[in-house]
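As a plain string of letters, each chain reads:
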Amino acid sequence: MDILVMQQLAAKIPWNHNILLMEKVKYPYIFDFMAIEEPFHEREEKNVKKIFKIQIHVRFRDIDGMGHVNNAVFFTYFEEGRKAFFQKNSTDSDISVFPFILAHTGCDFINPIRLNTQLALEMWVKKIGNKSFELGYSLVDFIDESITYAKGESVQVCFDYGENKSIAVPPELMQKLSEYMSCA
């Protein structure tokens, strides 16, 4: 591939990616089995302070008999986003320090996702309560963000696993969540 073609391709890719993206182009088969291994991305939005954004890789196993991603897999994509979000915003990557349980999740399916779809998951905080917080999700095309595949939400309740009861949102968590809070 000549340098002009590479520059034209690079101009179409939003954000400043690291060498991992170049390696993905050279060796795509290595990355097919990785749900999320690329760095997160954040961008400012009009109604949201900050959006957390990651690339989601559609795996062959995600596809159902109709040739598109099965509806249940969308929730796995949301789960992978939550994991990446809390690993990025926590000083400890041990999942036992994620002090919440999932109380509700929902998804509106807008467009089918195919195997070769390049996906991005955008996340933000919709609401912070005394003991819970709500996250918003948007699965969009990685290259053309105007294409939306699904929108979702989840409610997490802060929980003390030792005491087996709900707890107030810890101040450190509230501070991190407020950075991604929607302004509207």
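In what follows, the structure referred to is the one given above.
Remember, it's a predicted structure, so these values are computed and weren't measured experimentally. Within each chain, residues carry numbers counting from 1 in the order of the written sequence. Given that this is a predicted model, residues contribute local features only at a pLDDT of at least 70 and side-chain atom pairs are listed and counted only at 80 or more, while totals for whole chains, interfaces and linings are drawn from all residues. By convention in this description, side-chain values take in all heavy atoms of the structure and omit both hydrogens and water.

Draft legend 1. Region of the structure containing the pattern of salt bridges. By convention in these notes, a salt bridge is any Lys or Arg side-chain nitrogen within 4 Å of a carboxyl oxygen on Asp or Glu. Tallying each qualifying case throughout the model produces seven salt bridges. Linking E145 and K53 is a salt bridge whose minimum nitrogen-to-oxygen distance equals 2.4 Å. Taken together, the residues span a long stretch of sequence, with E145 in the loop between β5 (132–141) and β6 (148–160) and K53 in strand β2 (residues 51–57) at a distance of 92 residues. Throughout, exposure labels follow a simple rule: accessible area from a 1.4 Å probe, protein chains only, divided by the maximum for the residue type, with under 20% read as buried, over 50% as exposed, and the rest as partly exposed. You can call K53 buried: its relative accessible area is 1%. Shared partners join several salt bridges into a network, and the residues in it are K53, E122 and E145. Strands are runs of DSSP state E lasting at least 2 residues, helices are runs of H or I lasting at least 4, and numbering of each runs from the N terminus.

Draft legend 2. Spatial organisation of the environment of D141. Here D141 lies in strand β5. Put simply, D141 and Q118 are 23 residues apart on the chain and 5.9 Å apart in space, counted from C-alpha to C-alpha. Only 3.0 Å separates the side chain of D141 from the backbone nitrogen of I143, close enough to count as a polar contact. Counting of polar contacts relies on pairs of N or O atoms within 3.5 Å, with two restrictions inside protein: one atom must be capable of donating a hydrogen and the other of accepting it, and residues adjacent in sequence are counted only when both atoms are side-chain atoms. At a separation of 3.1 Å, a polar atom in the side chain of D141 contacts the side chain of Y149.

Draft legend 3. Molecular detail of the side chain of S154. Tracing the backbone through its elements, the reader meets S154 in strand β6. By relative accessible area, S154 is classed as buried at 0%. At a separation of 2.6 Å, a polar atom in the side chain of S154 contacts the side chain of Y137. Within the structure, S154 has its side chain in polar contact with the side chain of Q156 (distance 2.5 Å). Contacts are assigned to residue pairs that have any heavy atoms within 4.5 Å of one another. The contacts of S154, once residues within four sequence positions are left out, are R82, L102, H104, T105, F133, E134, L135 and Y137.

Draft legend 4. The nonpolar core, seen in detail. In this description, a nonpolar core means a group of buried Ala, Val, Leu, Ile, Met, Phe, Trp, Tyr and Cys residues linked to one another through side-chain atoms lying within 4.5 Å. Counting residues in each nonpolar core, the largest one holds 31 residues, and the members touching the most others are F86 and L139. Counting residues per element, the ones that place at least two in this core are β2, α4 (71–88), β3 (100–109), β4 (118–128), β5, β6 and α5 (171–178). Among the elements that line this core, the one with the most residues is α4, at seven residues. Residue contacts for L139: discarding those within four places in its chain leaves I56, F74, Y77, F78, I113, L119, A120, L121, I147, T148, Y149 and A150.

Draft legend 5. Representation of the environment of D62 in the model. Turning to its location among the elements, D62 is positioned in the loop between β2 and α4. When its relative accessible area of 0% is taken as the criterion, D62 is described as buried. A C-alpha to C-alpha distance of 9.1 Å links D62 and F74, two positions twelve residues apart in sequence. If sequence neighbours within four positions are ignored, D62 has contacts with H57, H68, V69, N70, V73 and Y77.

Draft legend 6. Broad picture of the side chain of D141. Neither His nor the chain ends is counted toward charge; the positive residues are Lys and Arg and the negative residues Asp and Glu. Although D141 is buried, it forms no salt bridge, and the closest oppositely charged side chain is K53 at an N-O distance of 8.8 Å. Polar side-chain contacts of D141 include one of 2.9 Å to the backbone nitrogen of D144. In contact with D141, not counting residues within four places along its chain, are T117, Q118, I147 and Y149.

Draft legend 7. Representation of the packing of aromatic side chains within the structure. To pair, rings of Phe, Tyr and Trp, with the six-membered ring standing in for Trp, must have centres within 6.5 Å; the planes then decide the type, stacked if under 30 degrees apart, edge-to-face if over 60, and tilted in the middle. In total, this model carries twelve aromatic pairs according to the counting rule given. Aromatic side chains F86 and F100 sit 4.8 Å apart centroid to centroid with 45 degrees between the ring planes, which places their arrangement in the tilted category. In this pair, F86 sits in helix α4 while F100 sits in strand β3, placing the two residues 14 residues apart along the sequence. A residue is classified by how much of its surface remains accessible, and F86, at 4% relative accessible area, is buried. The class of F100 is buried, set by a relative accessible area of 12%. Each ring, one from F100 and one from F133, has its centre 5.7 Å from the other, and the planes form 80 degrees; the classification is edge-to-face. Here F100, found in strand β3, pairs with F133, found in strand β5; they are 33 residues apart in sequence, far enough to count as distant. Across this residue pair, the class does not change: F100 and F133 are buried. By the ring-pair criterion, three or more aromatic residues cluster together here, those being F52, F85, F86, F100, F133 and Y180.

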